[in-house]
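Examination of the molecular architecture
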Amino acid sequence: MKKIYLQNTLTRQKEEFKAVADVVGLYTCGPTVYDYAHLGNLRAYLFEDILKRVLLYNGYQVRHVMNITDVGHLVGDGDTGQDKLEKGAAREGKTAWEIAEFYTAAFKKDLVLLNIIEPSIYTKATDYIQQQIDLAKTLEEKGFTYKTSDGIYFDTSKFPDYNKLSHLDLETLREGARVEINEEKKNPTDFALWKFSVIGDPSASSGQGKRQMEWDSPWGVGFPGWHLECSAMSMAELPNNQDIHCGGTDHINVHHTNEIAQSEAATGKKFFNYWLHGAFLNIAGGKKMAKSSGDFLTLENALIKKNVNPLVYRFAALQTHYRKPMEYSEEAMKNAENGLNNLVGKVRNLMFKVEKDAQSSITNYELQNVDNEFKEKFLEAINDDLNTPQALAVVQEVLKSELSKVDKLATILDFDKVLGLDLDKQKEKPLPQEVIALVEKRKIARATKDWVESDRLRDEINKM
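It should be emphasised that the depicted structure is a prediction, and the values quoted were computed from it without experimental measurement.

**Brief notes about the pairing of strand S2 (residues 13-16)**
Note: strand S1 (residues 5-8) against S2, 4 bridges, orientation antiparallel. The residue bridging Gln7 from the neighbouring strand is Lys14, located in S2. Between S1 and S2, which pair antiparallel and follow one another directly, the connecting turn spans 4 residues, one of which, Arg12, has a positive phi of 60°.

**Quick notes on the sheet that holds strand S11 (residues 222-224)**
In spatial order, the strands read S8-S9-S10-S11; together these 4 strands make up an open sheet with antiparallel pairing. Sheet topology places strand S8 (145-148) and S11 at the edges, where each strand pairs with a single neighbour. Neighbour-to-neighbour, the strand axes of this sheet turn through a mean angle of 25°, independent of strand direction. Alignment of S8 against strand S9 (residues 151-154), held across 4 bridges, turns out to be antiparallel. What sits directly across from Thr145, in S9, is Phe154. Across the sheet, helix H4 (residues 129-141) lies against S8, S9, strand S10 (191-196) and S11, angled at about 120° from S10, the strand it touches most.

**Here we look at the packing of helix H9 (residues 311-318) against helix H10 (residues 330-357)**
When two helices pack together, their arrangement is given by the angle between their axes and by how far apart the axes lie. Packing of H9 against H10 brings their axes to within 9 Å, and their N-to-C directions diverge by 100°. Looking at the two axes, H9 sits roughly perpendicular to H10. Only Met333, Ala336, Glu337, Gly339, Leu340 and Leu343 of H10 make contact with H9, whose side of the interface consists of Leu311, Val312, Tyr313, Phe315 and Ala316. Of the residues that constitute the contact of H9 with H10, the class distribution is 9 nonpolar, 1 polar and 1 charged.

**A word on the sheet that holds strand S4 (residues 61-68)**
What holds strands together in a sheet is hydrogen bonding between their backbones, with the strands either parallel or antiparallel. Read from one edge of the open sheet, 5 strands run S7-S4-S3-S12-S13, paired in parallel fashion. Lying at the two open borders of the sheet, with one neighbouring strand each, are strand S7 (121-124) and strand S13 (274-278). Strand-to-strand twist of the sheet, defined as the mean angle between neighbouring strand axes without regard to direction, takes the value 25°. Docked against the sheet, helix H1 (residues 39-57) engages strand S3 (23-28), S4, strand S12 (244-248) and S13, running at close to 155° with respect to S12.

**Quick look at the nonpolar core**
In this structure, Ile244 and Tyr313 are the most contacted members of the largest nonpolar core, which totals 122 residues. Among the elements that line this core, the one with the most residues is H1, at 10 residues. In this structure, Tyr313 is in contact with Leu39, Gly40, Leu42, Arg43, Leu46, Leu114, Leu281, Leu303, Met326 and Met333, ignoring residues within four places of it in sequence.

**Remarks on the side chain of Asp243**
Mapping Asp243 onto the fold places it in the loop between helix H6 (226-237) and S12. It turns out Asp243 is buried and unbridged, and the closest side chain with the opposite charge, Lys270, is 10.0 Å from it. Beyond its immediate sequence surroundings of up to four residues, Asp243 is in contact with Phe17, Lys18, Ala19, Val20, Val23, Val24, Gly25, Phe272, Asn273 and Tyr274.

**Overview of helix H12 (residues 388-400)**
When the terminal C-alpha atoms of H12 are compared, their 19 Å separation across 13 residues agrees well with the 18 Å that a helix rising 1.5 Å per residue should span. Restricting attention to buried positions, one finds in H12 the residues Thr388, Ala391, Leu392, Val394, Val395, Val398 and Leu399. When H12 is viewed along its axis, its buried side chains cluster within an angular range of 150° and face the same direction. On the buried face of H12, the contacting elements are H1, H9, H10, helix H11 (372-382) and helix H13 (405-419).

**So, the pattern of salt bridges**
For side chains of opposite charge, pairing can occur when their charged atoms come near one another. Scanning the model with the defined rule gives 21 salt bridges in all. Here Asp49 makes a salt bridge to Arg53, at a shortest N to O gap of 2.8 Å. Separated by 4 residues within a single helix, Asp49 and Arg53 lie in helix H1, roughly one turn from each other. Each member of the pair Asp49 and Arg53 is classed as buried. With its nearest N and O atoms 3.9 Å apart, the salt bridge here joins Lys425 to Asp422. The class of Lys425 is exposed, set by a relative accessible area of 60%. Connected through shared salt-bridge partners, Asp35, Arg91, Glu92 and Lys94 make up one network.

**A short note on the packing of H1 against H9**
The interhelical angle for the contact between H1 and H9, taken along N-to-C directions, is 70°, at an axis separation of 10 Å. As judged from the angle between their axes, H1 and H9 are roughly perpendicular. Here the hand of the crossing between H1 and H9 comes out right-handed. Every residue of H9 that contacts H1 at Leu39, Gly40, Leu42, Arg43, Leu46, Asp49, Ile50 and Arg53 is listed here: Tyr313, Arg314, Ala317 and Leu318. The class makeup of the residues in the contact of H1 with H9 is 7 nonpolar, 1 polar and 4 charged.

**Quick look at the confidence of the model for the protein**
For the protein, the average pLDDT comes to 88, and 87% of its residues sit at 70 or higher. Low confidence marks residues 203-208, where pLDDT is under 50. Its contacts with residues over four positions away, or in another chain, come to 18 contacts.

**Comments concerning the packing of aromatic side chains**
Applying the stated criterion across every chain yields a total of 18 aromatic pairs. Note on Phe271 and Phe272: the rings are 4.9 Å apart at their centroids and 85° apart in plane angle, and the pair reads as edge-to-face. By the burial criterion, Phe271 is buried, and Phe272 matches it. A ring pair is formed by Phe378 and Phe415, whose centres lie 4.0 Å apart and whose planes are at 0°; its orientation type is stacked. Within this pair, whereas Phe378 is found in helix H11, its partner Phe415 is found in helix H13, the two being separated by 37 residues in sequence. For the pair formed by Phe378 and Phe415, the shared burial category is buried. One aromatic cluster in this structure is built from Tyr27, Phe271, Phe272 and Trp275. Here the guanidinium or amino end of Lys94 rests over the ring plane of Phe102, the centre of that ring lying 4.7 Å away.

**Here we look at the environment of Asp384**
Relative to the elements of secondary structure, Asp384 occurs in the loop between H11 and H12. Note on Asp384: relative accessible area 30%, which makes it partly exposed. The spatial distance from the C-alpha of Asp384 to the C-alpha of Ile4 is 6.4 Å, given a sequence separation of 380 residues. Setting aside residues up to four positions removed in sequence, Asp384 forms contacts with Tyr5 and Lys14.

Cut-off values and rules
- Residues numbered from 1 in each chain as written.
- Predicted model: local features only at pLDDT ≥ 70, side-chain atom pairs only at ≥ 80, totals over all residues.
- Heavy atoms only, no water.
- Pairing = 2+ DSSP bridges.
- Helix = DSSP H or I, 4+ residues; strand = E, 2+ residues; numbered from the N terminus.
- Axes fitted to C-alpha atoms, helices over the stretch in contact; angles between N-to-C directions.
- Contact = heavy atoms within 4.5 Å.
- Parallel < 35°, antiparallel > 145°, perpendicular 65-115°, else oblique.
- Nonpolar A, V, L, I, M, F, W, Y, C, P; charged D, E, K, R; others polar.
- Core = buried A, V, L, I, M, F, W, Y, C linked by side-chain atoms within 4.5 Å.
- Buried < 20%, exposed > 50% of the residue type's maximum accessible area, 1.4 Å probe, protein only.
- Lys, Arg positive; Asp, Glu negative; His and termini not counted.
- Salt bridge = Lys/Arg side-chain N within 4 Å of Asp/Glu carboxyl O.
- Expected span 1.5 Å × (residues − 1).
- Arc of directions from axis to C-beta.
- Left-handed = near helix turned anticlockwise from the far one by under 90°.
- pLDDT = per-residue confidence, 0-100.
- Phe/Tyr/Trp six-rings, centres within 6.5 Å; stacked < 30°, edge-to-face > 60°.
- Lys NZ or Arg CZ within 6 Å of the ring centre and 35° of its normal.

Rendered as structure tokens:
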């Protein structure tokens, strides 16, 4: 098995990946299902999909857990403001449960369109309420919590190395947390484990201060904190193989830092060995794409409505390393579309020639047809912290090489197990009879040197 090297946010170093057990435990922060996922969100899921595909390609088994946050994620990351699910319910005149169900389905549809492999299990926060209560009780028993008028909070001053993931000094973290500070908190960086439902609760979707999502607990009726959810669910589903935890860079300073603090305080053990974070998708002016702006791009409005294959966005994401900011523009998407179409065209041509030469069946090519020299170069790229731009360059080298047609095809389709561009499904469909008839007419026009008619027929064929 080849060595894989990953950039670990925890150590700020590229490290050789070593699994805890036979099956790699992978936890990726999933969507908060109060609205559609935008292209920036989807970029994170694409990088995580590449990571999983690289692990599988290298022979690992993977248990992939992805959470669905359907309660507790407040508008302010500092445990303030309205619950995003309840806000979505008020916006659309539905129940919070209906909002969660609708946008979960929409998210899963996006994964299919982008050819992202589904996780081994989705964990909905509302299905793990008892586990979250139990975790908060453990922290309470160990003396890490205190009570305010609006909830049970984790005391970050009692956890050494609170800043070990962010690598920021504590004062900087405190200053960042002061933006939405609750005056009853002992420290600006303290965070809610359990929030109380109270009259006039800003999280409520009705005017009566009544939440739709709330549960009984030892501390009173309420709902779990956002950070608590991921810790409880990952502990429940990956108890013995907490290998890799992923998310966007915006999760480093707050969400993932708090996950580590509460998890390690409760268990006394290290919480995940490798932390990987994907960079933002930026729009004009270098501004990151965010739902808070109200003007965000989804697969539907950015590509599908314009009759652009969603895999164009996947191809565009592959062209930028996951740790580098990616720039979105109409021009960039057009270039990506041209690039994908060019690649698909070359693969289709190979398929046609392989079948025509009867060298092999493209649906049953043998593993020995994969060129080992190019496979080594491909592995060197993807195993070096998921270097997909370099991996795409290797694909182009294969296309330009002196390999036989069948070996080129087998090698590229093998690489596509990681790239996920569905290249094995790109076989040309049979041409309609009317197009075939025009092609025959054009052959006659060219044979008789009637170039005007030949050009006219060519343009008609292209339109069709």
